[in-house]
Every structure is written in structure tokens, then in C-alpha cells.
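# Report on the structure
What follows is each chain in one-letter form.
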Amino acid sequence: SRFWLVVPAAGIGQRMRSECPKQYLKLHQRFILDVTLSRLLDSGLFDGCMVALNPRDRWWPDSVAAGDERVQTCTGGAERADSVLAALQALAGQAADEDWVLVHDAARPCLHPHDLSNLVDSLVEHPVGGLLAAPVADTLKQTGGGQPPEVDSTVDRSRLWRAFTPQMFRLGALRCALASCLERGLPVTDESSAMEFSGYTPVLVEGRSDNIKITVPADLALAEFLLAQQDG
Ligand code: C5P
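Note that the structure is predicted; figures quoted are calculated from it, not measured.

## Things to note about the sheet that holds strand E10 (residues 161-170)
Read from one edge of the open sheet, 7 strands run E5-E4-E1-E6-E10-E7-E11, paired in mixed fashion. Every other strand in the sheet has two partners, leaving strand E5 (71-75) and strand E11 (203-206) as the edge strands with one partner each. Ignoring strand direction, the axes of neighbouring strands in this sheet form an average angle of 30°. Pairing geometry for strand E4 (residues 48-53) and E5, over 5 bridges, is parallel. Residue pairing in the sheet places Val51 in a bridge with Thr73 of E5. Packing of helix H1 (residues 32-41) onto the sheet brings it into contact with strand E1 (3-9), E4 and E5, and relative to E1 it is tilted by some 170°.

If you want it as C-alpha cells, here you go:
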């Protein structure tokens, strides 16, 4: 079967408090988005790639990926799920519903090649698909919702996992699931949640916990360290 890559990169990265969206901050002199895309495309797995961009994006033309003939772009939407759906719709003319699509955050540049191949090898025979994830390591507290937050209880973490990307599903099923959830106003925070709302049972594939999403300024130094370590 064929594989497509969708990269939502239309966010504005408010939590970074920087001039430009976080996908255009630099890791070792390269845009985060370029680091992310080159790591995925270097796998040779994909037949094509669709990147969802913000309508007010001014930085994309300066990326290395903009000159890469394997990479196409479309306009993203208000929320991450809208951006992913826009990318899937933009691929509709080229891709078949039975093809696989891997959705990966622009802001996760430290994805290890072994995790990518392990995800694909684990799911390629599966009817639904799934995602990279890792068991929760911290002790989790539930609050009563007051201020200051007070501990209500300690949550049993033995069955709790952190959801990462890539998330890998059949293109047609994911497009329908996202469209239906967005229409119904359901809280879709990743592709898996849209599939779950639609009655599917995605599989968790354990990945490395250094597949971080760059969210706050301190994550930049951490990502540079993790990338240097992986190369070493
Ligand atoms: O903001 P957050 O870290 O959850 O964003 C995850 C990914 O989704 C980022 O790569 C961001 O650019 C993307 N995104 C998007 N469209 C939005 C919001 C976020 O493509 N409207």
C-alpha cells in the first residue's frame, strides 16, 4: 500500500512567546519544520507529503522544504484538527482512501527513525492503525478544580499513556472521522481521538519518550541536545 505524510504546521505557537511561530525557530541553524520534514522524508517511505500552513505564514519560502519537489502545501485551519482535515482533502485527488497516512506534528523534530519504522512495521497489517505513545512516568494528581489547586486524589497511572505522533490511519477513514467530529463539535485533540469517537480502536505502539513536542522556550535547548545525542 501507499503512504502519505501530513504535517500540520499552521499553529502560531503562542506559548513560545517568540516573534515567529515555533516551527520556524531554529535548531542548529535549521528551521524546526525543516528538521522534522527531512527526518521523515529521508525514510524513503512516502509517496507524497502535504504541509498545512497558516494563511499568514511569511516564513515558508525561506525553508529548505519549500524547494523540495516531494513537498506540497495547503492552507490550514483554526485548530490542529482543521489543519489536518484540510491537508487530507488537499490529497484527495492523488491518494486513495485505502492508502495509509501518517500525521506528524511540525513541532516534533526529534522523532527517531527506529520509532518511525517500528510504527509502520507494527501497523501495516492492522485494519485501523494507531500511534506512537509512551507510558506515563510521573505520578498524576487530580484536583477538585479550586484555587489554589488542592489534591483530590492520586490517579492510577498504570493504564495511562502519553500520545505522540506520528499517528497512522487509513486516509479515507481518518478524513471521514475528522470531518464528522468537527461537524459535531467534539473535542478532537489528535487523530486517534477522532477515530475513537467514530468507533475505531487504534493501537498504541511504544515509542521513545524523547519524541518531544516543542512547546516552551526551554524545549529548544533540550531538542538540540537530543538531536546531537541521536547523531552521535
Ligand atoms: O500548538 P500545538 O503544539 O498543539 O500544535 C501542534 C502542531 O499542530 C504544530 O505543529 C502546529 O503548527 C500545528 N497546528 C496547526 N493548525 C492549528 C494549530 C496547530 O497545524 N490551527
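## Here's the deal with helix H2 (residues 80-91)
For H2, which comprises 12 residues, the first-to-last C-alpha distance of 17 Å matches the rise-based estimate of 16 Å (1.5 Å per residue) to within 8%. Among the structural elements, E1, E4, E5, strand E6 (100-103), helix H4 (171-184) and helix H5 (191-197) are those in contact with the buried residues of H2.

## Remarks on the environment of Val205
Along the chain, the position of Val205 falls in strand E11. On the basis of neighbour count, Val205 is assigned to the buried category, with 22 C-beta atoms found within 10 Å. The spatial distance from the C-alpha of Val205 to the C-alpha of Trp60 is 32 Å, given a sequence separation of 145 residues. Setting aside residues no more than four positions away along its own chain, Val205 makes contact with Asn118, Leu119, Ser122, Leu123, Gly130, Leu131 and Leu132.

How each quantity is defined
- Residues numbered from 1 in each chain as written.
- Predicted model: local features only at pLDDT ≥ 70, side-chain atom pairs only at ≥ 80, totals over all residues.
- Pairing = 2+ DSSP bridges.
- Helix = DSSP H or I, 4+ residues; strand = E, 2+ residues; numbered from the N terminus.
- Axes fitted to C-alpha atoms, helices over the stretch in contact; angles between N-to-C directions.
- Contact = placed C-beta atoms within 7 Å.
- Expected span 1.5 Å × (residues − 1).
- Buried ≥ 20, exposed ≤ 12 C-beta atoms within 10 Å, placed from the backbone.

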